[in-house]
Amino acid sequence: MIKKRMDRAKTRIQKRFIQKRILAAAFLLLLSCQWACGRSESSSGSANGSETNTASEETNDPYAVKKDLCDAQASENAKRIYQYLADNYGKNIISGQYCDGGIFGHEMAVIWKATGKFPAMVGLDMMDASPSRVAYGTECKTIDQAIEAWDNNSLVTICWHWNAPTKYLTGTWYSGFYKEHTNIDLDKIMNGEDPEGHDLLVADMDAIAKELTKLKEKDIPVLWRPLHEASGGWFWWGNCSAESYIKLYREMYEKFTKEYELHNLIWVWNGQSKSWYPGDDVVDLMGDDIYPGKHKYSSQQSKFNNLKKTTDTKMIVAMTENGCLFDPDKAVEDDAMWSYFGTWGGEFVTDSDTLNVYSETYTEQDMLVKVYNHERVITRDELPDLKTYGDAE
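Procedures and definitions
- Residues numbered from 1 in each chain as written.
- Predicted model: local features only at pLDDT ≥ 70, side-chain atom pairs only at ≥ 80, totals over all residues.
- Heavy atoms only, no water.
- Phe/Tyr/Trp six-rings, centres within 6.5 Å; stacked < 30°, edge-to-face > 60°.
- Helix = DSSP H or I, 4+ residues; strand = E, 2+ residues; numbered from the N terminus.
- Buried < 20%, exposed > 50% of the residue type's maximum accessible area, 1.4 Å probe, protein only.
- Lys NZ or Arg CZ within 6 Å of the ring centre and 35° of its normal.
- Salt bridge = Lys/Arg side-chain N within 4 Å of Asp/Glu carboxyl O.
- Axes fitted to C-alpha atoms, helices over the stretch in contact; angles between N-to-C directions.
- Parallel < 35°, antiparallel > 145°, perpendicular 65-115°, else oblique.
- Contact = heavy atoms within 4.5 Å.
- Nonpolar A, V, L, I, M, F, W, Y, C, P; charged D, E, K, R; others polar.
- pLDDT = per-residue confidence, 0-100.

The next point concerns the packing of aromatic side chains. Under the criterion given, the structure shown has 27 aromatic pairs. With 6.3 Å between their ring centres and 50 degrees between their planes, Y245 and Y249 make a pair best called tilted. With Y245 and Y249 both in helix α8 (residues 242–259) and four residues apart, the pair spans about one turn of that helix. Taking the relative accessible area as the measure of exposure, Y245 reaches 0% and is therefore buried. Among the aromatic residues, ring-to-ring pairing joins W160, W162, F177, Y178, W234, F235, W236 and W237 into one connected group. Here K294 stacks its cationic end above the ring of Y362, 6.0 Å away from the centre of that ring. It is K387 that lies over the ring of W150; its NZ or CZ is 4.8 Å from the centre.

Turning our eyes to something else, we now look at the pattern of salt bridges. If you walk through the whole model with that rule in mind, you get 16 salt bridges. A salt bridge links D284 to K66; the nearest nitrogen and oxygen atoms lie 3.7 Å apart. Taken together, the residues D284 in the loop between β6 (265–269) and β7 (285–290) and K66 in the loop between α1 (20–42) and α2 (76–88) connect sequence positions 218 residues apart. Since its relative accessible area comes to 1%, D284 is described here as buried. Salt-bridge contacts for D128 lead to R133; the nearest nitrogen and oxygen are separated by 2.9 Å. Taking the relative accessible area as the measure of exposure, R133 reaches 7% and is therefore buried. Taken together, the salt bridges that share partners define one network made up of D206, K255 and E259.

One can describe the packing of helix α3 (residues 106–115) onto helix α11 (residues 365–372) by two numbers: an axis separation of 9 Å at closest approach and a directional angle of 90 degrees. In terms of axis orientation, α3 runs roughly perpendicular to α11. Contacts between α3 and α11 involve I111, A114 and T115 on the former and, on the latter, Q365, L368, V369 and Y372. The residue makeup of the contact of α3 with α11, split by class, is five nonpolar, two polar and no charged.

On to the confidence of the model for the protein chain. Confidence in the prediction of the protein chain, expressed as mean pLDDT, is 89, and 84% of residues score 70 or more. The low-confidence segment residues 1–45 (pLDDT under 50) makes 38 contacts with residues lying over four places distant or belonging to another chain.

Take the side chain of H263 next. As for its placement among the helices and strands, H263 is situated in the loop between α8 and β6. Since its relative accessible area comes to 13%, H263 is described here as buried. Filtering out sequence-adjacent residues up to four positions away, H263 remains in contact with D71, Q73, A74, S75, A78 and T257.

As a further point, take unusual backbone geometry. Positive phi, normally seen in glycine, also occurs at E229, with a value near 55 degrees. Looking at where E229 falls in the secondary structure, it is placed in the loop between β5 (222–225) and α8. Judged by relative accessible area, E229 falls into the buried class, the value being 8%.

Written as structure tokens, this is what we have:
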């Protein structure tokens with residue numbers, strides 16, 4: 001990782017007996033230089049530094065982002081993580097990996113064996129905490145894994161493959177987040193035609209909120225990514241109108257933030273389409289899930305730029321899921337500096353359930369090694385102390 005730091009130029013004018021007009025011109029030039037250097041410092045930074053990278057009226061930096069989280073009562077640790085993301089946005093890319101086993105799980109071991117590095121962020125899923133799955137005996141280990149990750153100075157992001165309530169399951173019970181395996185009608189639920197369905201969804205949200213409360217009690221911040229990929233239409237929460245989806249998203253935000261006071265959550269919107277955007281007041285950063293195919297190392301510049309156009313508010317943009325990795329050199333060259341990536345588990349990393357053998361099906365090993373050892377990619381060993389980040393020294 002490179003650390004870009006520029007010291008302010010300090011100029012002293014020590015000439016005497018100079019004409020007033022020349023002195024005034026020199027003074028104005030000095031002010032101009034100091035202002036320009038200050039701008040350079042505000043747009044530079046490092047993975048371990050605490051330079052701010054938040055939007056203001058004084059900068060046109062495309063990577064300067066909004067200063068505050070949407071939750072006015074956000075926890076101090078949530079603010080720390082958001083500030084860390086903001087400080088590195090546009091300068092470095094944070095590595096991430098979804099892994100059912102947590103930070104010491106199978107995919108993590110495979111990546112370490114191949115690259116000598118661990119991802120800085122672990123991706124987890126609340127899927128098995130869905131009440132309709134619990135009814136079939138599933139046990140969700142996500143909360144314990146999130147605690148383990150935070151205790152080992154790792155960033156944590158959590159999604160929720162929301163298994164539909166049992167009443168609506170029509171196919172394979174463990175695939176109840178796909179529309180093909182349910183007959184749930186979110187439009188009817190959100191417009192009041194199916195009040196029982198609404199009660200069931202509320203009960204599901206209560207169950208997840210109670211689990212996430214365990215992380216709040218330990219002051220563990222989470223990049224929370226609910227109701228993802230909605231506009232794709234393959235999940236039941238996307239098999240509806242954008243209006244119904246937005247109502248559900250906002251209801252969840254209200255319940256989690258106000259009723260359960262989950263102020264440790266950083267809200268990541270991942271609806272994949274501008275028309276499904278729920279609003280700046282309930283979103284902290286935006287993401288796109290991108291599966292380009294095999295050995296496709298493009299920076300995904302067009303998707304990056306399109307996502308930034310979702311709202312006029314300057315927000316952090318992340319590749320919240322990916323199959324094939326992108327080439328960091330191309331990201332730098334194309335000025336498409338995703339805040340972080342989150343490679344999905346399983347076949348995108350390994351074909352084996354037991355052996356720590358890397359699979360080159362989607363990303364060749366040479367590219368994997370390049371990514372994890374790239375000077376602009378942050379790995380776990382390069383993270384600062386997340387619990388004290390931003391504190392005055």
